[in-house]
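# Coordinate inspection notes
Spelled out, the chains give:
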Amino acid sequence: MKSIVVANWKMNPATFKEARKLFEATRKAAESAKNVAVIVAPPAIFLRELSVGYKGKRLSFAAQNAHYEAGGAFTGEISMSEARDAKCSSVIIGHAERRGMGEENDDTRRKVVAALTIGLTPVLCVGERTRSQSGEHFEFVREQLVAGFADVPPAKIPRVIIVYEPVWAIGAERPMNARDMHEMAIFIRKTVVDRYGQGGMNLKILYGGSIDESNAEDMIQNGDVNGLLVGRASTDAEKFSALVSALGAL
Ligand code: PEP
């Protein structure tokens, strides 16, 4: 079974020397697991130097974030075209940590369409902050999805990768239950199909939140997902290699 694994390094590691070492281990892991498509999202400042030196095909690069405007007075931001020029083929949009810093559904809407327009794959993150018995989290996720796809032409809907990341499971002790993910995957597809048409049936859905080498296989086999977004475990060369090789054996 072909799986996608996004390695979100966040603001790590501290030096380019360490980044190169981590990348080397990531590259080896990706190249030895033929049915795993690894997407590495290093800090923007390390991106180009890692990507231009990579000549293989087993691995691709993502920006952790990019602005929807083509250029201008946006100190500290990078644009979609700058990300593409640095050899990114995808961009993470609406990660919970960006949303926590003020990114809103309206920003993600603009970013998704800006990415598609320039030929980058949007990796759109959605997920509720908390859960209660009353199931309000479904409505919360529905709003994020409806906004994210609002300006996407129907034919391009399947090009968007969705990552469901419940905020309470990011940086936590354990991931959410795979059966709950299965339920959420059905909900995500149904929401996009009901609102935007059949293209939603072909969406790729990933799970993110406290995935490591010990639980990745269970989530892929029982969570109805096409892959995983990995934070902490992606910056630990040993854990990440074990995770990729576990998925490679499926
Ligand atoms: C994340 O980066 O979104 C993430 C899921 O982090 P972690 O795997 O550390 O929970």
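Residues numbered from 1 in each chain as written. Predicted model: local features only at pLDDT ≥ 70, side-chain atom pairs only at ≥ 80, totals over all residues. Heavy atoms only, no water.

With an unreviewed UniProt entry as reference, the protein chain is termed Triosephosphate isomerase. Taken from UniProt, the Subunit (unreviewed entry) comment for the protein chain reads in full: "Homodimer." Under the Subcellular location (unreviewed entry) heading, UniProt states for the protein chain: "Cytoplasm". (UniProt positions renumbered as here; feature names shortened; annotations may be inferred.)

## Structural notes on the overall build of the protein chain
Scanning the protein chain for helices and strands turns up nine helices and eight strands. The C-alpha radius of gyration computed for the protein chain amounts to 17 Å, which stays within 12% of the reference 18 Å derived for 250 residues, consistent with globular compactness. For the protein chain, the C-alpha atoms occupy an extent of roughly 45 × 45 × 30 Å along the three principal directions. Counting only residues that meet the buried cut, the protein chain has 50% of its 250 residues in that class. Put simply, of all contacts in the protein chain between residues at least 6 apart along the chain, 71% involve residues at least 24 apart. Only carbon and sulfur atoms are counted for the fraction: they give 51% of the accessible area of the protein chain, which is about 11700 Å². The distance from the centre of the 32 positive side-chain charges to the centre of the 30 negative ones in the protein chain is 7 Å. (Helix = DSSP H or I, 4+ residues; strand = E, 2+ residues; numbered from the N terminus. Rg over C-alpha atoms; globule rule 2.2 N^0.38 Å. Buried < 20%, exposed > 50% of the residue type's maximum accessible area, 1.4 Å probe, protein only. Contact = heavy atoms within 4.5 Å. Areas by Shrake-Rupley, 256 points an atom, 1.4 Å probe, with all protein chains shown as cover. Lys, Arg positive; Asp, Glu negative; His and termini not counted. Charge placed at Lys NZ, Arg CZ, Asp CG, Glu CD.)

## What to know about the environment of Leu59
Considering the arrangement of structural elements, one finds Leu59 in strand β3 (residues 59-63). With a relative accessible area of 6%, Leu59 lands in the buried category. A C-alpha to C-alpha distance of 7.3 Å links Leu59 and Val40, two positions 19 residues apart in sequence. Non-local contacts of Leu59, meaning those with residues more than four positions away in its chain, are made with Phe23, Thr26, Arg27, Ala30, Val38, Val40 and Tyr54.

## Looking at the side chain of Ser3
Of note, Ser3 is situated in strand β1 (residues 3-8). Ser3 sits in the buried class, given a relative accessible area of 1%. Residues contacting Ser3, with those up to four places away along its chain left out, are Asn35, Val36, Ala37, Ile220, Asn226 and Leu247.

## Observations concerning the environment of Leu116
Relative to the elements of secondary structure, Leu116 occurs in helix α5 (residues 105-118). The class of Leu116 is buried, set by a relative accessible area of 4%. C-alpha separation for the pair Leu116 and Val141, spaced 25 residues apart in sequence, amounts to 21 Å.

## A word on helix α6 (residues 136-148)
Here α6 contains 13 residues, and its C-alpha end-to-end distance of 19 Å stays within 8% of the 18 Å for a straight helix at 1.5 Å per residue. Among all positions of α6, only His137, Val141, Gln144, Leu145, Val146, Ala147 and Gly148 are buried. At its buried positions, α6 is contacted by α4 (96-100), α5, β5 (121-126), β6 (161-164) and α7 (178-196). (Expected span 1.5 Å × (residues − 1).)

## Brief notes about the packing of α6 against α7
Following both chains from N to C, one finds α6 and α7 inclined at 45°, their axes separated by 10 Å at the closest point. Judged by the inter-axis angle, α6 sits oblique to α7. When you trace α6 past α7, the crossing you get is right-handed. Here His137, Phe138, Val141, Arg142, Leu145 and Val146 of α6 come into contact with α7, specifically with Glu183, Met184, Phe187, Ile188, Thr191, Val192, Arg195 and Tyr196. Among the residues forming the contact of α6 with α7, the class breakdown is nine nonpolar, two polar and three charged. (Axes fitted to C-alpha atoms, helices over the stretch in contact; angles between N-to-C directions. Parallel < 35°, antiparallel > 145°, perpendicular 65-115°, else oblique. Left-handed = near helix turned anticlockwise from the far one by under 90°. Nonpolar A, V, L, I, M, F, W, Y, C, P; charged D, E, K, R; others polar.)

## Thoughts on the packing of helix α1 (residues 16-32) against helix α2 (residues 44-52)
Where α1 meets α2, the closest approach of the two axes is 11 Å, and the angle between their N-to-C directions is 50°. On the basis of the axis angle, α1 is oblique to α2. Seen from above, α1 lies across α2 with right-handed handedness. Note on element contacts: α2 touches α1 through Phe46, Glu49 and Leu50, opposite Phe16, Ala19, Arg20 and Phe23. A class-by-class count of the residues in the contact of α1 with α2 yields five nonpolar, no polar and two charged.

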